[in-house]
Amino acid sequence: MRTNVKHFINGDWVESTGTDTIDVINPATEEVIGKISSGTEEDLNKAVVAAKAVLPSFSETTKEERIDMLKAIASEYEKRKDELVEVITEELGSPVTMSEKVHYQMGYNHFTHVAKALKSFVFEENRGNHIIRKETIGVSGLITPWNFPTNQVSTKIASAIAAGSPVVLKPASRTPFAAMILAEVIQKAGIPKGAFNLVNGTGSIIGNRISTHPDIDFVSFTGSGKVGEKIMKNSAKTIKKVALELGGKSPLIVLDDADVNEAAKTAISHIMMNTGQVCSAATRAIIPVTMKNDFEEAIKHTLPSFKYGDPKKTDVKTGPVVSKEQWETVQSYIKKGIDEGATLLVGGLGKPKGMETGYFVKPTVFTDVSNDMVIAQEEIFGPVLSIIAYNDLEEALNIANDTVYGLAGYVVGKNKDTLSYVANKIKAGQITVNNGKIDFMAPFGGYKQSGIGREWGDFGIEEFLEIKAILGMSS
Ligand code: NAD
């Protein structure tokens, strides 16, 4: 059992002031793997006091000192690799290879890339007869979801440290243990006491208090739109700045000169990676009507090559969804798709054969989907793809942009001019052309209801800063 019912406050693990606990469940076995504290407002207040106390000195540390802190964290993080991989596999149900190559690695990359971005970051510059200065925003509250337990947490912590902002983190209570290892990593790395605090608990108590607390100056939130809206409303009471990284329903536009097999592989990899629990996943494959039959055949052919099953096996690519609730949500969307009249190409309701224990979902692909169907409009957050056919490129773009979301977009094909035209026309924060590689220096964040603000690299650092103009002098 991984039970740890303490919070990390002012450089130490401290007892909670309450006695309530939350069970953490392994979604592949449905077993309780540990307990965490369900923290109280008093716990959160203590963490804020610690963060506020260190703010004057932490915000005045030099850039070089903060680069050293980030490097020290990266180095301590590396030492905990095996444990992090094991914990992520257990608490999220992520296949062990994915836990290592994606989850562990993304966490590491944020610390090293933010350190690199900080090196060339300009905090003060002359503009004519005035100075522009960027100063730490103050104390930051970080609230994170369960789907990327190290990535979300690391991008926020790295950016906050780079900006000299002390933080109070509330990780998702479904996947808290990776974040708790990170707290130990930060403790070992010798970051000033109070600059990093972690309080476990529910969104309704700890999350709510973070967004209403008068001594928290900025809330960086990643999660659902519904909670994002609450955070914005709560933060309005103290005119707190918020950064919101929310959901998506991203399009994959397949051009008529694309390789159909490659396009199908791309589409399938999006819904199978992290069991489709990826905010930026392409969940709408928008394909030329002339390619429809070939694409459907390629999908059926490709899907079995993504091995589905026990996350502890190294050849497994996709595991269960995170929880019973998530399983039920995904089932309700599959049922909705059937009821709406979409054609079930593969998958469907219920658990895959032989996988009765664990929150396993049948990877499901619907075709003959029209973009106004619920399955094409709402974020499902599971291994479910909708195929939508188009007649010409303008129709494809209209379908792609006919969504309340704007987190990501994808386009595959050969003609460079068309690829560039489509990339420019999709209204989303990050567009990937022909499986372009992830870049930790590129900004990540959404248009429209996918959020406010950007993370990663120097764009992430900017979020934790205020801008000051000093008139009448230059340095
Ligand atoms: P969620 O919104 O339910 O929870 C996110 C966090 O908010 C959790 O820590 C939760 O405890 C907390 N919370 C809940 N109620 C709260 C409240 N009233 N006040 C403050 N905090 C509260 O989201 P989830 O189910 O954990 O994660 C899935 C969602 O996250 C999806 O919508 C997904 O698209 C989104 N997401 C977005 C990004 C991105 O970068 N844009 C990345 C990952 C996940």
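None of the values given here were measured: they were computed from a predicted structure. (Residues numbered from 1 in each chain as written. Predicted model: local features only at pLDDT ≥ 70, side-chain atom pairs only at ≥ 80, totals over all residues. Heavy atoms only, no water.)

(A) Geometry of the site of the ligand. Neighbouring the ligand are 26 residues, the closest being Thr 144, Ser 224, Leu 246, Cys 279 and Glu 379. Lys 170 places a side-chain nitrogen or oxygen 3.0 Å from an oxygen atom of the ligand. Taking Gly 223, its main chain carries an N or O atom lying 3.3 Å from an oxygen atom of the ligand. Listed by contribution, the elements that provide at least two residues to the shell around the ligand are helix H7 (203-212), strand E10 (218-222) and helix H8 (225-236). Residues that form the shell around the ligand fall into these classes: 12 nonpolar, 10 polar and four charged. The residues that make up the shell around the ligand include at least three from each of domain 1 (6-246 + 449-471) and domain 2 (250-439). (Near = heavy atom within 4 Å. Polar contact = N/O pair within 3.5 Å; in protein donor to acceptor, adjacent residues only side chain to side chain. Helix = DSSP H or I, 4+ residues; strand = E, 2+ residues; numbered from the N terminus. Nonpolar A, V, L, I, M, F, W, Y, C, P; charged D, E, K, R; others polar. Domains from an automatic or database assignment.)

(B) Highlighting helix H1 (residues 41-59). In this model, H1 (19 residues) spans 26 Å end to end at C-alpha, consistent with the 27 Å of a helix rising 1.5 Å per residue. Of all the bends found along H1, the most pronounced is centred on Ala 53 and spans about 30°, while Pro 56, a proline, follows it within four residues. (Expected span 1.5 Å × (residues − 1). Bend = angle between axes of the 7 residues up to and from the residue.)

(C) Representation of the pattern of salt bridges. On inspection of all chains with the given rule, the structure shows 26 salt bridges. A salt bridge links Glu 124 to Arg 133, with the nearest nitrogen and oxygen atoms 3.0 Å apart. Close ionic contact of Lys 292 with Glu 296 constitutes a salt bridge, the shortest N to O distance being 3.0 Å. Within this pair, Lys 292 and its partner Glu 296 are both found in helix H10 (residues 292-302), separated by four residues, close to a single helical turn. By relative accessible area, which is 18% here, Lys 292 ends up buried. The class for Glu 296 is buried, based on a relative accessible area of 10%. One network of salt bridges, in which partners are shared, links Glu 124, Arg 133, Glu 135 and Lys 468. (Salt bridge = Lys/Arg side-chain N within 4 Å of Asp/Glu carboxyl O. Buried < 20%, exposed > 50% of the residue type's maximum accessible area, 1.4 Å probe, protein only.)

(D) How the structure looks around the domain arrangement of the protein chain. Partitioning the protein chain into domains gives domain 1 (6-246 + 449-471) and domain 2 (250-439). If you average the C-alpha positions of domain 1 and of domain 2, the two centres end up 30 Å apart. Facing 27 residues of domain 1, the contacting portion of domain 2 comprises 33 residues. Note on domain 1 versus domain 2: buried area summed over both sides is about 2,300 Å², and carbon and sulfur give 61% of it. For the interface between domain 1 and domain 2, the tally reads two salt bridges. Between Arg 174 and Glu 325 there is a salt bridge, with the nearest N and O atoms lying 3.5 Å from each other. Summed over the shared surface of domain 1 and domain 2, the number is 11 residue pairs in polar contact (both at pLDDT 80 or more). At the level of secondary structure, the elements contributing two or more residues to the side of domain 1 that touches domain 2 comprise helix H3 (81-92) and helix H4 (96-119). In terms of residues, the side of domain 1 that touches domain 2 owes the most to one element, H4, which gives six residues. (Contact = heavy atoms within 4.5 Å. Buried area = accessible area lost by both parts, 1.4 Å probe.)

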